[in-house]
Amino acid sequence: MSIDLSQFHQVFFEESFEGLDAMETALMELDPSDIDSETINTIFRAAHSIKGGSATFGFSIVAEFTHVLETLLDEVRAGNRGISQDDVDLFLQSVDCLRELLTALQAEEEPDSQQSETLKTAFEAILNGETPAPADTPDTAAESEMVLAEPASTDDDTTVWNIRFIPYRDVLRTGNEPLRMFRELSDLGEVKVQALVDGVPAFPQMEPEACYLGWQISCTGNASRADIEEVFEWVADESEIVISEGAASDSQGQSSAAAGNDWCIQFKPNADILRTGNEPLRIFRELADAGQIRAEVDVSNVPAWSQLDSEACYLSWSLQLSEAATREQIDEAFEWVADESDILIQAGESEVEQQTVDASAVETEAPVNQPPEEPVVAEVPEPTEIQSQPVEVKPPADPKPVQAPTPAKPAAKKASTESSSIRVGIDKIDSLINMVGELVITQSMLGQLGTDFEMSHMPKLLEGLSQLEQNTRELQESVMRIRMLPISFAFNRFPRMVRDLSRRLNKNIDLVLVGEQTELDKTVMEKIGDPLVHLVRNSVDHGIESPQERLAAGKSETGEIVLNAYHQGGNVVIEITDDGKGLNREKLLSKAIENGLVAESDAAAMSDDQVHDLIFQPGFSTAKEVSDVSGRGVGMDVVRRNIQELNGSVEITSKEGQGSRITIRLPLTLAILDGQLVRVGTHTYIFPLVSVVESMQNHQDMMSNVAGSCDVFKLRDEYVPVIRLFEIFGIEPDNQMVDDSLLVVVECDGEKVGIVVDELEAQQQVVIKSLEQNYRRVEGISGATILGDGTVALILDIPGLVKLAGINHQMRSRVMNLAGSHQSVQHMA
Amino acid sequence: MTLNPEIQSTEGLASEAGTSAVDDGNQYLTFFMAGEEYGVDILCVQEIRGWESATPIPNAPPNIKGVINLRGTIVPIIDLRQCFGLDAIEYSPVTVVIVLKVQSENGSRVMGIVVDAVSDVYNLSVEDMRAAPDLGDSIDTAFIKGLVNVNDRMVILLELDKLLNLDDMPDLSSVSSAIKTIN
């Protein structure tokens, strides 16, 4: 029976991305000096699920990569290994890499394996760097753990089996006992055992429960390979076992003397070989394809720890390759490093031929299938790892040598197959089911009333209807709650971002997250992500000063950015506060004057808030130099526009030298809006209640006409411009005269505007319907809704209206100045 | 397969007009406007309904009559007469709105067109179709799929996706007079 697994792909991707997020968060929390086992467990679990899932779905590239990751994590978890800051960085890189792989897979593209391979190698290097395998292991494994070598000529029944058995450190913990295996082996024949003690650490570092030993065993008898394999069956997964059949009784493999016509290769790469993107390991793998190989590492050149250059290669190798390999194959394997290393290739013992392979001289009739890879250098974190790299020779499973370099992929495309889904807590579903239950009860009650209705049942009917109303409202609230997610979904990316940015900019920044549990509509959350990133980036780049500047200003060296989210009324408020240098009024003004946003004469009269608000104008960036972090002059206006599209608002308060605070107000949901219905002529429009400040009857003596065109009225001590809705929309009102009309005072970008309407109607919640879906965007209208009588009413877009009416900042400030003088003239008269 | 009598008669009409079997032809819904018969691909037609008052959209072109609530969806209504530069007529409850599904760059859109009356459904094949004649430099004829002769009457088949492209509505005010001259 075959099941179409692809139907589960989406779930797998979602879970994996969630897992990666969890990993990332946990990694950020991880303190290398004090490892919290719970954190490690979290990371491990996430990696484990991804591995399991990807293997199930056949995404082997992910599975293999995660496997290495998991192995390393497992050792950390078991306490066998510490973790350094570099390791954490590597883990974070691998999270990014996994994310890319998964994104590519989700988009059904061929994932780019280069990065994962590079990282994998780095991880393997870390792993091997501290596995107890001796450095000079003449590892003959041309294959993975269990090797089936070509049986040598079997003259008689007695064969000599050479077994190399290097258990992993925690083999004892799993209840396996090497001694027992030796006993079993001795039943099969005569056994000689030699212990390899190279991996035993100094006494203080020794762990009593770990196994540091490896064994070289030769077993002479008439046992078959299967018999020997059976002995090691239980530890095969936890150790390196190489079984080979040898004729010689002495099979220690200590001497580099090759038997018969084996090739002897001395390979001594230059120190900077890793820098050129070459990797000895890869070469060995290639050789292992050609024939059986033994490698011995010469570590004599490794300098003292303090002199180690982490990117240099200090090792040299002597290799012994079975005669199956041809000279061409060997030359080819070393082709890329021939210029950068001393290579001595000898065939057999007698024929000594010294040749420094010249790359150009090598015949390459076979297609070159192993071009230089991406440099591994940066990813090789510890010098000691190089030392034992050759031990890890597991080539056939590895597709790398036969893989042509894939050209750099264009930036990951947005997954086309993505369909979004949402995870909902079971409590929310339960409450929903309760609501529906009650609704059904009410419905049946009303139904019963309706079958034989008498006027005497009227009170009961009314009661039922009010119950229905309540049920509907509760149901609506529950359904809305389903779409709500804690804002931590949007906040979670910031710790990593701030960490990376502050490192790049050499600043010390603490990020404090407050109110992460505040819930917000999923759609709003998705759309607020990018603006938030921009704002936080701005705070890091422009807000927080460098440590030196901070010290000079008498502040602590470490800056602080606080992200705070909370509910206020029907809104969610998000605040981004930094204790950086704040906005400079003069700089802003001079820039604004330069850009023609503000007339020089008005500059002095502008309030601080007005000046700060200028940064939301298009093309306004005060960064002296463009950095790749922020400051290309696109940004704050886009931020504001995005937020306004969500029916939200953004404002900034700042104090020079003390920091800035950006406050974003967002509606809880995009689907439903509290509206104030108004009538103009025969048309009904809806004001978002959020933006309505007050409504009032206008009086003639409060109105002034400025410059013959723009009306302002006096609202207490403010002059507020007036917009005639009927004029902008070209409709017939009841009352053409503004003087005694009804004014709705609304707030737009922190400024008040009065809008003339004929009548105020009900306040009610309206369901927002898109006008753009079937029509197009209309200036001054943000959407439509359906009223109780089934007709369509349009929802006003206040910033759009203001723009339509042609009131911009510059004009407004002029108008207000003029109005002020006008009014005072009147007073004097 | 049972066809209702209307369609059957249509089939009859179509075969008279020289169309082949039902299968390889497309069905077109035709309607009248100022004496001319126009046809639209029947697969685009979502429903036909009577006129009901629409909510006007501020600052919209005069041929956009407004938006209506079509079972929870906001649907704009376009007066095709006004698109084609014909005289506007009084709307009455018998004025017909054809609700169409139109493909646009942003996916499909639902919109309604106001016409004088719905006429018939014809089965027409591509061979019957003649290309739109040149209507002069001022009119791009892309919105006309072709002209078909049915019972010695000319039917103008419309390319809806081109015609009802709201973002760049072609100026068709002189279309009707041009069509008159072809006739």
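Cut-off values and rules
- Residues numbered from 1 in each chain as written.
- Chains lettered and ligands numbered in written order.
- Predicted model: local features only at pLDDT ≥ 70, side-chain atom pairs only at ≥ 80, totals over all residues.
- Helix = DSSP H or I, 4+ residues; strand = E, 2+ residues; numbered from the N terminus.
- Buried ≥ 20, exposed ≤ 12 C-beta atoms within 10 Å, placed from the backbone.
- Pairing = 2+ DSSP bridges.
- Axes fitted to C-alpha atoms, helices over the stretch in contact; angles between N-to-C directions.
- pLDDT = per-residue confidence, 0-100.
- Contact = placed C-beta atoms within 7 Å.
- Parallel < 35°, antiparallel > 145°, perpendicular 65-115°, else oblique.
- Left-handed = near helix turned anticlockwise from the far one by under 90°.
- Nonpolar A, V, L, I, M, F, W, Y, C, P; charged D, E, K, R; others polar.
- Core = buried A, V, L, I, M, F, W, Y, C linked by C-beta atoms within 7 Å.

## What about the overall build of chain A?
Then comes step 1: Each helix and strand in chain A was counted, giving 23 helices and 26 strands.
Then comes step 2: Residue burial in chain A is summarised as follows: out of 829 residues, 34% are buried.

## Section: the overall build of chain B
Then comes step 1: Within chain B one finds four helices and 10 strands.
Then comes step 2: Beginning at the N terminus, the succession of helices and strands in chain B can be written as α-β-β-β-β-β-α-β-β-β-β-β-α-α.

## Digging into the sheet that holds strand 24 (residues 759-767) of chain A
Residues and elements named next belong to chain A.
Then comes step 1: Strand order in the open sheet formed by five strands is 24-16-17-26-25, with mixed pairing between adjacent strands. If you trace the sheet from one side to the other, it starts and ends with strand 24 and strand 25 (781-786), each paired once. Adjacent strand axes in the sheet meet at a mean angle of 35°, parallel and antiparallel pairs treated alike.
Then comes step 2: Bridge analysis of strand 25 against strand 26 (residues 792-796) gives five bridges, and the strand direction is antiparallel. Residue Gly783 lies in a different strand from strand 26, and its bridge partner there is Ile795.

## Comments concerning the sheet that holds strand 2 (residues 36-41) of chain B
For sheets, the rule is that strands pair by backbone hydrogen bonds, running either parallel or antiparallel.
Residue and element names in this part refer to chain B.
Then comes step 1: What the five strands build is an open sheet, ordered 8-1-2-10-9; its pairing is mixed. Two strands close off the open sheet at either side, each with one partner strand: strand 8 (117-124) and strand 9 (144-150). Strand-to-strand twist in this sheet, taken as the mean axis angle between neighbours without regard to direction, amounts to 30°.
Then comes step 2: In the sheet, strand 9 pairs with strand 10 (residues 153-158) via six bridges, with the strands oriented antiparallel.

## A short note on the confidence of the model for chain B
Residues and elements named next belong to chain B.
Then comes step 1: Across chain B, the average pLDDT comes to 75, with 72% of residues at 70 or higher.
Then comes step 2: In the predicted structure, residues 1-22 sits below a pLDDT of 50 and forms 30 contacts with residues beyond four places in sequence or in another chain.
Then comes step 3: Predicted as a complex, the structure gets a pTM of 0.47 and an ipTM equal to 0.77.

## Remarks on the packing of helix 1 (residues 9-29) of chain A against helix 2 (residues 37-56) of chain A
All names here are of chain A.
Then comes step 1: Axis separation between helix 1 and helix 2 bottoms out at 9 Å; the angle between their running directions is 155°. Judged on the interaxial angle alone, helix 2 and helix 1 are roughly antiparallel. The element helix 1 and its partner helix 2 pack so that their crossing is left-handed. Contacts between helix 1 and helix 2 pair Phe12, Glu15, Ser16, Gly19, Leu20, Ala22, Met23, Ala26, Leu27 and Glu29 from the former with Thr39, Thr42, Ile43, Ala46, Ala47, Ser49, Ile50 and Gly53 from the latter.
Then comes step 2: In the contact of helix 1 with helix 2, the residues fall into 10 nonpolar, six polar and two charged.

## Some thoughts on the confidence of the model for chain A
Residues and elements named next belong to chain A.
Then comes step 1: The pLDDT averaged across chain A works out to 73; a share of 76% of its residues lies at or above 70.
Then comes step 2: Of all secondary-structure elements in chain A, the lowest mean pLDDT belongs to helix 10 (residues 383-387), at 39, while strand 26 reaches the highest, 90.
Then comes step 3: Per-residue pLDDT stays below 50 along residues 130-156; that stretch engages in 64 contacts with residues further than four places along the chain or on separate chains.
Then comes step 4: In this model, residues 248-259 is a region of pLDDT below 50 whose contacts with residues beyond four sequence positions or in other chains number 20 contacts.

## Observations regarding the environment of Pro62(B)
Residue and element names in this part refer to chain B.
Then comes step 1: With respect to the helices and strands, Pro62 occurs in the loop between strand 3 (45-50) and strand 4 (64-70).
Then comes step 2: Taking the number of C-beta atoms within 10 Å as the measure of exposure, Pro62 has 9 and is therefore exposed.
Then comes step 3: Measuring from C-alpha to C-alpha, the distance between Pro62 and Asp79 comes to 8.5 Å, with 17 residues separating the pair along the chain.

## So, the nonpolar core
Then comes step 1: Ranked by size, the top nonpolar core spans 79 residues in total, and within it Ile755(A), Val67(B), Ile78(B) and Leu158(B) carry the most contacts.
Then comes step 2: With five residues, strand 26 of chain A is the single largest residue contributor to this core.
Then comes step 3: Listed in part, the 38 residues of the second largest apolar core include Met484(A), Leu532(A), Ala592(A) and Val611(A).

## Comments concerning the pairing of strand 10 of chain B
All names here are of chain B.
Then comes step 1: The pairing of strand 2 with strand 10 spans three bridges and is parallel. Looking at the pairing, Gly39 lines up with Leu157 of strand 10.
Then comes step 2: Linkage of strand 9 to strand 10, two consecutive antiparallel strands, is achieved through a turn of two residues, within which Asn151 is found at a positive phi near 55°.

## Here we look at the interface of chain A and chain B
Then comes step 1: Across the boundary between the two partners, chain A contributes 20 residues, which contact 17 residues of chain B.
Then comes step 2: Secondary-structure elements contributing two or more residues to the side of chain A that touches chain B are strand 25 and strand 26 of chain A.
Then comes step 3: Grouping the constituent residues of the side of chain A that touches chain B by class yields 11 nonpolar, six polar and three charged.

## Regarding the packing of helix 3 (residues 60-77) of chain A against helix 4 (residues 85-106) of chain A
Residue and element names in this part refer to chain A.
Then comes step 1: Between helix 3 and helix 4, whose axes approach to 10 Å, the crossing angle comes to 165°. Looking at the two axes, helix 3 sits roughly antiparallel to helix 4. Helix 3 and helix 4 meet at a crossing whose hand is left-handed. Seen from helix 3, the contacting residues are Ile61, Val62, Phe65, Thr66 and Leu69; seen from helix 4, they are Ser94, Leu98, Leu101 and Leu102.
Then comes step 2: Its residues assigned to classes, the contact of helix 3 with helix 4 comprises seven nonpolar, two polar and no charged.

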